[in-house]
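Residues per chain, in single letters:
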Amino acid sequence: EAKKKNGNAAIIYSSDLPGSSNSLLRLETKLHHALQHHAFELHYQPKITVQTGKMEGMEALIRWTDDELGVVSPLQFIPFAEECGLISKIGEWVLKEAATQVKQWNDTYHLKLRVAVNISPKHLAERTFVERLKDILQEVNLDPTHLEIEITEMSMLDQNSELISKIQDIKNMGITISIDDFGTGYSSLSYLKQFPVDALKIDRSFIKNIRKEKGTAMVEAIIKIAHALNLSVVAEGVEDEQELRILKEYACEYVQGYHFSKPLNVQDFTHHIEKNLLS
Ligand code: C2E
Ligand code: MG
Ligand code: MG
Ligand code: MG
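Residues numbered from 1 in each chain as written. Chains lettered and ligands numbered in written order. Predicted model: local features only at pLDDT ≥ 70, side-chain atom pairs only at ≥ 80, totals over all residues. Heavy atoms only, no water.

Q: What is the right way to read the pattern of salt bridges from this model?
A: When their charged atoms lie close together, side chains carrying opposite charge are able to pair. Within the structure shown, the criterion is met by 17 salt bridges. Two residues, Lys201 and Glu59, come together in a salt bridge whose shortest N-O distance is 2.9 Å. Of this pair, Lys201 sits in strand E7 (residues 199-202) while Glu59 sits in strand E2 (residues 55-66), and the two are 142 residues apart along the sequence. The partner of Glu92 in a salt bridge is Arg132, with the nearest N and O atoms 3.0 Å apart. (Salt bridge = Lys/Arg side-chain N within 4 Å of Asp/Glu carboxyl O. Helix = DSSP H or I, 4+ residues; strand = E, 2+ residues; numbered from the N terminus.)

Next comes the structure, spelled out in structure tokens:
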């Protein structure tokens, strides 16, 4: 099951933890253990405003190092956590950790950085999602405008009125909502006018091909759709100056990628703030 969904996950199931169903149980136990013993960590990747070159916020990305398995990519364990029902607990941990950290940075350096958190469709679908989100913001005392939620098109497959009003509730709180990996899902574009979102994140696969004629046309078209709907655009996976130049030409608002910075741990991100925002 899980294997089908994500090719990378096969690494966990086949080689690292031999003995199929037993190994799945062990992985589930490991994830539980990681939650309880604070083995997860967040790294943060700067998000830059194209026009000014200034960092306006960052994306929180989960990291997990297991004693036996070593570093396990979120591309491997997030799909598994979704299947075994642990994703909401992990997601709540990420929300609280990211909110606490950005609050600390903003307070310490008098900034208004906004942290973007990836939320799994299964977690978003929980009946209590909005309630818990409010609790966390209150506990941390974070200004909701300093939080952004990234959801994939997968979350939008089911265009029911309950989900639409849930997203409206989140937006009404002052939280920014963006569509992650835009252009890679299987949903129709019609959800874009149904859901009150703020931004589209162009998937890295499009940026990779941006120099090719058709690749440029695709990126241009996505940016035009976004702007026609009053949405801003974030390009992910920007790795060089030339990609940036093309994105600038088409008025893409924000960029993220190795060209600016890899995701950084808390200490390195703090240095990044000190070096880039305080002078
Ligand atoms: P995503 O949200 O689309 O995140 C972007 C991924 O691209 C990250 O991989 C990031 O490290 C990588 N990346 C950023 N810039 C570049 C670049 O210039 N070049 C290349 N080659 N890669 C770049 P990462 O951290 O391995 O995360 C992979 C995916 O795992 C994320 O994709 C997201 O879907 C999921 N994920 C990560 N953290 C969380 C989390 O806390 N919760 C949930 N539900 N999912 C998460
Ligand atoms: Mg993301
Ligand atoms: Mg993405
Ligand atoms: Mg992506």
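Q: Please clarify how the site of ligand 1 should be interpreted in this entry.
A: Residues in close proximity to ligand 1 total 22 residues, the closest being Arg63, Asn118, Asp180, Glu239 and Tyr258. Interatomic distance of 2.8 Å between a side-chain N/O atom of Arg63 and an oxygen atom of ligand 1. At 3.4 Å from an oxygen atom of ligand 1 is found a side-chain nitrogen or oxygen belonging to Glu236. Taken by itself ligand 1 offers 800 Å² of open surface, and the protein chains cover 85% of this. For the shell around ligand 1, the secondary structure elements donating two or more residues are E2, helix H4 (74-84) and strand E6 (176-182). Looking at side-chain class alone, the shell around ligand 1 contains nine nonpolar, five polar and eight charged residues. (Near = heavy atom within 4 Å. Polar contact = N/O pair within 3.5 Å; in protein donor to acceptor, adjacent residues only side chain to side chain. Areas by Shrake-Rupley, 256 points an atom, 1.4 Å probe, with all protein chains shown as cover. Nonpolar A, V, L, I, M, F, W, Y, C, P; charged D, E, K, R; others polar.)

Q: How should the coordination of the magnesium ion (ligand 2) be read in this particular structure?
A: Each pair of donors in an ideal octahedron of six around a metal sits at 90 or 180 degrees, and each pair in an ideal tetrahedron of four sits at 109.5 degrees. Those donors, Glu59 (OE), Asn118 (OD1), Glu150 (OE) and Asp180 (OD), are the protein atoms that reach the magnesium ion (ligand 2), and they lie 2.0 to 2.2 Å from it. Between consecutive donor residues of the magnesium ion (ligand 2), the sequence gaps follow E-x58-N-x31-E-x29-D. Of the residues examined, Glu150 reaches a relative accessible area of 1% and is grouped as buried. A relative accessible area of 7% places Asp180 in the buried class. (Donors = N, O, S within 2.8 Å, 3.2 Å for Na, K, Ca; no water. Buried < 20%, exposed > 50% of the residue type's maximum accessible area, 1.4 Å probe, protein only.)

Q: I would appreciate a short explanation of the packing of aromatic side chains in the present structure.
A: Aromatic ring pairs are reported here in terms of the distance separating the ring centres and the angle at which the planes meet. By the definition in use, this model includes eight aromatic pairs. Centroid distance Phe40 to Trp64: 6.0 Å. Interplanar angle 55 degrees. Geometry classified as tilted. Taken together, the residues span a long stretch of sequence, with Phe40 in strand E1 (residues 40-49) and Trp64 in strand E2 at a distance of 24 residues. Taking the relative accessible area as the measure of exposure, Phe40 reaches 6% and is therefore buried. Chaining the aromatic ring pairs together yields one cluster made of Phe40, Trp64, Phe77 and Trp93. The lysine or arginine in question, Lys262, covers the ring of Tyr258, its NZ or CZ lying 4.7 Å from the ring centre. (Phe/Tyr/Trp six-rings, centres within 6.5 Å; stacked < 30°, edge-to-face > 60°. Lys NZ or Arg CZ within 6 Å of the ring centre and 35° of its normal.)

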